[in-house]
Amino acid sequence: MSDHIILGAMVRTLGAHPAGWRVPGAHADPAGDAAVLRRIARVAEDAELDYLFFGDWLATGPDLEFGDPYLLARIDPLSAVLYLAGVTERIGLIATVNTTYADPYAIARATASLDVLTGGRAGVNLVTGAEPRAAANHGRDAHADNATRYDRAEEFVRALRLLWESWGDGAWVADRGSGVLIDAARLRAPAFEGSTLRVGGPLNVARPPQVHPPIVHAGTSPRSRALAATEADLALIAAPGIAAAAAERAGLRLAAAEAGRDPDDLKVIVPVLPIVAETDAAARAIVDDLLRLVPLDDGRTPLREGFPPGRTLAAFLDTAEVPADHPVRSASLEDDVPAVLAPVFAERAARVLDAVRTHTGRRIETDHAVTWRHLVAAHAVPTAFVVGTGTDIADHIEEWHDAGAADGFNVLSAYQPAQFEAFVGLAVPELRRRGLLASDRGALLRDRLGLGAPRTACAPDAAEVYDVV
């Protein structure tokens, strides 16, 4: 494993925690995304992070407000990275594309354009989608099943690679004396026709500086893991703990080697949601505020459309296996959790209590007591916070990296821009002091990620793969 950690920012302008937008001073209106995107990009680039990552979701609805408000209204990822291409100079820009609905020629054209315009800083995250409402938004009756989606995704990757290679080495001659602009023999049209899509070509954008902008993929199904192992440069995983992440990374690297790849060219990235402040107490106070701001059903306030079920004290007590006739069933969300009851919580509820204690510093029957509101909120919105000072956050990242659990991290921010700026101002200098972040790896995103040369799609059997125009 490289000594250097890949560090990117997963950009969610309304924050990665559903209550983050309610924090005073937090960005809360997507109509103002342009300004906050510029601010995030400037901070990330000044800190020499490796990339900005933009996810996607192809539908919206009132239910998203309570679990994933950042999905309600957001800038299209390709539009976001093209916008930021003009206000950044060094940082990588990765946009998500849903292969189920996208056109490979259009995506090859957009990503190649981004790579040319940025001098080799483009990347693309390929997903197959999981939102049934997206089908109707694209004129289809139903969302495709997993096998169909991955059949198309595999062909989509093949088509992208072939289109990116439309212009061979030396194709652009530009000889003013002879009047020869191109070597037509080096302009190639993919002769590709699969079971789910076909492309003609060639691509009418110059060859990308990276040849193949890095491909990112995430998923948990066997087909998804196979696609990541064989085609991805970055594999995004979300494991419940360090041991599980290390096992997942080892499995992906083994699969990559079995597919004939150098496993070091597959980088495994995990998410991290740091709550960081100058002191441990200040960081835990932020989590305390976030839990307090999670909308809950108190049985008195009318519920709005889309409000999720189960955000009640009764639902948590059911999880805790507290008898239905127990007096605590009539408690208020603001009441303290009794010391006599906590030790008999069922396992799942006990884990929630432990998380609240760890993340907020609250304790049963103290002046800083755990209330039912804290437990119900943490149960309704389970979040794997990493809480503390910049040193604490750096310790977590270094521990996971040293254990072989990750090559890099996608940093989520509970709210913008303050928490992202706190991470960059407090944790990044500590990581750099420890020598864990590389500097001056190169201008190309592939170089920043520590990737080898791209595996060309046309070699060695170019005549069979391409038709010469």
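Treat the numbers as computed from the prediction; the structure is a model and nothing was measured.

Asker: Looking at this structure, I do not really get helix α6 (residues 146-164). What am I missing?
Answerer: Side chains of residues three or four places apart in an α-helix project in the same direction, reflecting 3.6 residues per turn. With 19 residues, α6 ought to run about 27 Å at 1.5 Å a step, and its terminal C-alpha atoms sit 27 Å apart, in line with that. Of the residues that open α6, the one with a side-chain oxygen 3.3 Å from the backbone nitrogen of A147 is D145.

Asker: Hey, could you run me through the environment of T230 in this one?
Answerer: One can find T230 in helix α7 (residues 222-231). Owing to a relative accessible area of 29%, T230 belongs among the partly exposed residues under this scheme. In this structure, the C-alpha to C-alpha distance between T230 and R253, residues 23 residues apart in sequence, is 9.7 Å. When residues no more than four places from it in sequence are discounted, the contact partners of T230 are A259, R261 and R455.

Asker: What is the right way to read the UniProt feature "domain: Luciferase-like" (unreviewed entry) in the chain from this model?
Answerer: Per the UniProt annotation, the sites labelled "domain: Luciferase-like" (unreviewed entry) are residues 25-405. With 39% helix and 14% strand, residues 25-405 has end C-alpha atoms that lie 35 Å from one another.

Asker: Just checking my understanding: could you explain the packing of helix α4 (residues 104-118) against α6 for this structure?
Answerer: The description of two packed helices rests on the angle between their axes and on the distance between the axes. Interaxial distance between α4 and α6 falls to 9 Å at its minimum, and their mutual angle equals 50 degrees. Put simply, α4 runs oblique to α6. Viewed along their axes, α4 and α6 form a crossing whose handedness is right-handed. Contacts between α4 and α6 involve P104, Y105, I107, A108, T111 and A112 from the former and R152, F156, A159, L160, L163 and W164 from the latter. By residue class, the composition of the contact of α4 with α6 is 10 nonpolar, one polar and one charged.

Asker: Teacher, can you tell me more about the nonpolar core here?
Answerer: Soluble globular proteins: nonpolar side chains tend toward being buried together. Counting residues in each nonpolar core, the largest one holds 79 residues, and the members touching the most others are L7, L49, L52, F409 and F423. By residue number, the principal contributor to this core is α6, which donates nine residues. Sequence-distant contacts of F409, defined by excluding residues within four places in its chain, comprise I5, I6, L7, G8, Y51, I269, V270, V272, I397, W400 and H401. Ranked by size, the runner-up nonpolar core spans 55 residues in total, among them I94, F316, V337 and L449.

Asker: Even after reading the chapter, I still don't get the packing of α7 against helix α8 (residues 242-258), so can you show me in this structure?
Answerer: Relative to each other, α7 and α8 sit at 60 degrees, their axes nearing to 8 Å. In terms of orientation, α7 lies oblique with respect to α8. α7 and α8 meet at a crossing whose hand is right-handed. Every residue of α8 that contacts α7 at R225, A228 and A229 is listed here: E248, L252, A255 and A256. Here the contact of α7 with α8 is composed, by residue class, of five nonpolar, no polar and two charged.

Cut-off values and rules
- In this numbering scheme, every chain counts its residues from 1 along its sequence in written order.
- Selection of residues for local features in this predicted model requires a pLDDT of at least 70, selection of side-chain atom pairs for listing and counting requires 80 or more, and totals for whole chains, interfaces and linings are taken over all residues.
- No hydrogens and no water enter the side-chain calculation; it runs on all heavy atoms of the structure.
- Runs of E in the DSSP output that reach at least two residues are strands. Runs of H or I that reach at least four are helices, and both are numbered from the N terminus.
- To estimate the expected span of a helix, count its residues, drop one, and scale the result by 1.5 Å.
- By the criterion applied in these results, polar contacts are pairs of N or O atoms within 3.5 Å in which, for protein atoms, one can donate a hydrogen and the other can accept it, and in which residues neighboring in sequence qualify only through two side-chain atoms.
- To sort residues, take the accessible area from a 1.4 Å probe on protein chains only and compare it with the maximum for the residue type: under 20% means buried, over 50% means exposed, and anything in between is partly exposed.
- Residue contacts are counted whenever heavy atoms from the two residues lie within 4.5 Å of one another.
- UniProt positions are given in the numbering used here, feature names are shortened, and annotations may be inferred rather than shown by experiment.
- Axes here mean lines fitted to C-alpha atoms, for a helix over just the part in contact, with angles spanning 0 to 180 degrees between N-to-C directions.
- Geometric relationships in this document are graded by angle, where less than 35 degrees denotes roughly parallel, more than 145 denotes roughly antiparallel, 65 to 115 denotes roughly perpendicular, and other angles denote oblique.
- Left-handed is the label given to a crossing in which the near helix is rotated counterclockwise from the far helix by less than a right angle, and right-handed is the label when the rotation is clockwise.
- Note on residue classes: Ala, Val, Leu, Ile, Met, Phe, Trp, Tyr, Cys and Pro are nonpolar, Asp, Glu, Lys and Arg are charged, and everything else, Gly too, is polar.
- Residues belong to one nonpolar core when they are buried, are Ala, Val, Leu, Ile, Met, Phe, Trp, Tyr or Cys, and are joined through side-chain atoms within 4.5 Å.

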